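# Close look at the chain arrangement
Listed here are the chains, written in short residue letters.
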Amino acid sequence: MTKPPSASRFRPARRLASLSDHGGLVAEIDRRRLLRGGFSLGALAMLTGCDVTDNDAVQRGLRAVSRWNDRVQAALFRPDKLAPTYDRAQVVKPPRFNAYYGIEDVEPVDGAAWRLELAGLIGDRRPWTLREINALPAQTWIYRHVCVEGWDYIGQWSGPNFRLFLERIGADLTAKYVAFRCADGYTGSIDMPSALHPQTILATGYADEPIADPFGYPLRLRTAVKLGFKNPKWITAIEVTNSYPGGYWEDRGFNWFSGL
Ligand SMILES: Nc1nc2c(c(=O)[nH]1)N[C@H]1C(S)=C(S)[C@@H](COP(=O)(O)O)O[C@H]1N2
Ligand SMILES: [Mo]
């Protein structure tokens with residue numbers, strides 16, 4: 001990514017408040033993942049050589065384990081295993097909104113002026129218009145969206161399969177990461193095997209309608225194999241790279257792989 005994120009229109013106070021709101025959550029999620037992985041806090045104390053009441057040291061320890069967890073999750077990932085799908089009758093309308101700010105601060109994107117910029121290890125980096133994206137064959141998936149905050153819903157998303165798109169632009173499919181930049185300054189990145197998963201799409205539609213403004217119009221990522229925060233909305237740029245790109249929440253301590 002060459003340009004810095006353009007998030008200036010969002011009030012800093014709100015962003016800081018949302019950050020501190022999530023501080024405890026980050027530790028909690030990492031702790032739950034740890035426990036699911038068979039660790040106890042006692043084992044963590046031994047592993048990190050720190051008292052679990054010492055918060056800084058716990059955070060450092062959790063981050064080290066989180067990085068280790070990324071590698072284990074990546075190794076365990078099964079590229080062709082499909083996530084559960086559901087019926088049209090189960091689709092939640094409208095979908096549930098979330099972002100690092102409130103829905104009242106969403107700034108709609110002008111689809112006619114919008115361009116999808118491409119960067120990095122891609123053969124043809126020409127920007128795409130929405131018309132061109134819409135001309136690609138689309139597929140529809142009904143699967144579950146799971147937010148790290150502890151809520152979920154069944155949604156129906158449609159748009160071009162992401163593997164098909166990556167092949168079309170001549171992306172290096174052996175690269176490690178696909179990174180995203182969004183109109184609201186949000187950034188994110190996923191591993192290439194998850195990008196190539198059959199249920200990962202560039203979504204332009206929700207429940208048989210064009211995706212509504214708060215949910216990422218004109219283009220968002222939807223994947224069945226990642227937590228909600230790994231599904232960037234209002235995408236403006238995609239980069240294929242071998243350098244770890246991080247992301248908005250990843251840089252604030254969320255486990256990077258965050259697979260489902
Ligand atoms: N651009 C952008 N994308 C984003 C976010 C955001 O703040 N900005 N939040 C993420 C989080 S945490 C979640 S849970 C989902 C919410 O998607 P939804 O509003 O369609 O349910 O969007 C993800 N993508
Ligand atoms: Mo989320």
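The notes below deal with the structure included here. (Residues numbered from 1 in each chain as written. Chains lettered and ligands numbered in written order. Predicted model: local features only at pLDDT ≥ 70, side-chain atom pairs only at ≥ 80, totals over all residues. Heavy atoms only, no water.)

Around ligand 1, the surrounding shell holds 20 residues, and the nearest of these are Arg96, Tyr153, Asp184, Arg220 and Lys233. Separating an oxygen atom of ligand 1 from a backbone N or O atom of Asn98 is a distance of 3.0 Å. In the model, an oxygen atom of ligand 1 is placed 3.0 Å from a nitrogen or oxygen of the Tyr100 main chain. Coverage of ligand 1 by the protein chains reaches 98% of its 540 Å² of free accessible surface. Of all the secondary-structure elements, those providing two or more residues to the shell around ligand 1 are strand E2 (139-147) and strand E3 (151-159). In the shell around ligand 1, the residues fall into twelve nonpolar, four polar and four charged. (Near = heavy atom within 4 Å. Polar contact = N/O pair within 3.5 Å; in protein donor to acceptor, adjacent residues only side chain to side chain. Areas by Shrake-Rupley, 256 points an atom, 1.4 Å probe, with all protein chains shown as cover. Helix = DSSP H or I, 4+ residues; strand = E, 2+ residues; numbered from the N terminus. Nonpolar A, V, L, I, M, F, W, Y, C, P; charged D, E, K, R; others polar.)

Now for the pattern of salt bridges. If you walk through the whole model with that rule in mind, you get seven salt bridges. A salt bridge links Arg163 to Glu167, with the nearest nitrogen and oxygen atoms 3.5 Å apart. Here Arg163 pairs with Glu167, and both are found in helix H5 (residues 162-168), just four residues apart, close to one helical turn. Here Glu167 falls in the partly exposed class, since its relative accessible area comes to 44%. (Salt bridge = Lys/Arg side-chain N within 4 Å of Asp/Glu carboxyl O. Buried < 20%, exposed > 50% of the residue type's maximum accessible area, 1.4 Å probe, protein only.)

Our focus in this paragraph is the packing of aromatic side chains. Under the defined criterion, the tally for this structure stands at 21 aromatic pairs. With a centroid separation of 4.7 Å and 85 degrees between ring planes, the pair formed by Tyr100 and Tyr101 is classed as edge-to-face. You can call Tyr100 buried: its relative accessible area is 2%. Looking at Tyr101, the relative accessible area reads 6%, which means it is buried. Ring-pair connections join several aromatic residues into one group, and the members of that group are Tyr100, Tyr101, Tyr186, Phe229, Tyr248, Trp249 and Phe254. The side chain of Lys226 reaches across the aromatic face of Phe257, ending 3.4 Å from its centre. The cationic tip of Arg252 hangs over the ring face of Tyr248; the distance from NZ or CZ to the ring centre is 3.8 Å. (Phe/Tyr/Trp six-rings, centres within 6.5 Å; stacked < 30°, edge-to-face > 60°. Lys NZ or Arg CZ within 6 Å of the ring centre and 35° of its normal.)

A few words on the nonpolar core. Leu116, Phe162, Phe165, Leu166 and Ile238 are the most contacted members of the largest nonpolar core, which has 58 residues in total. Among the elements of the structure, helix H4 (130-135), E2, E3, H5, strand E4 (177-182), helix H6 (192-195), strand E6 (201-203) and strand E10 (235-241) are those that each provide at least two residues to this core. Ignoring any residue separated from it by four or fewer positions in sequence, one finds Phe162 in contact with Val178, Phe180, Ala195, Thr200, Ile201, Leu202, Leu221 and Ile238. In this structure, Phe77, Val225, Trp256 and Phe257 belong to the second largest nonpolar core, which totals five residues. (Core = buried A, V, L, I, M, F, W, Y, C linked by side-chain atoms within 4.5 Å. Contact = heavy atoms within 4.5 Å.)

We now examine the sheet that holds strand E7 (residues 205-206). Across the sheet, which stays open at both edges, the four strands sit in the order E2-E3-E7-E8 with antiparallel pairing between neighbours. The two strands at the open ends of the sheet, each matched to only one other strand, are E2 and strand E8 (209-210). Where E3 meets E7, two bridges bridge the pair, whose relative direction is antiparallel. Within E7, the position partnered with Trp157 by the bridge is Tyr206. (Pairing = 2+ DSSP bridges.)

This part is about the sheet that holds strand E5 (residues 187-191). Consider a sheet: its strands pair through backbone hydrogen bonds, and that pairing is either parallel or antiparallel. Reading across the sheet, the four strands line up as E1-E10-E4-E5 and stay open at both edges, with mixed pairing between neighbours. Each end of this open sheet is capped by a strand with a single partner; those strands are strand E1 (117-120) and E5. Taking each pair of neighbouring strands and ignoring which way they run, the sheet shows an average axis angle of 20 degrees. Strand direction decides the pairing type here: E4 and E10, joined by six bridges, are antiparallel. Looking across to E10, one finds that Tyr177 is bridged to Thr241. (Axes fitted to C-alpha atoms, helices over the stretch in contact; angles between N-to-C directions.)

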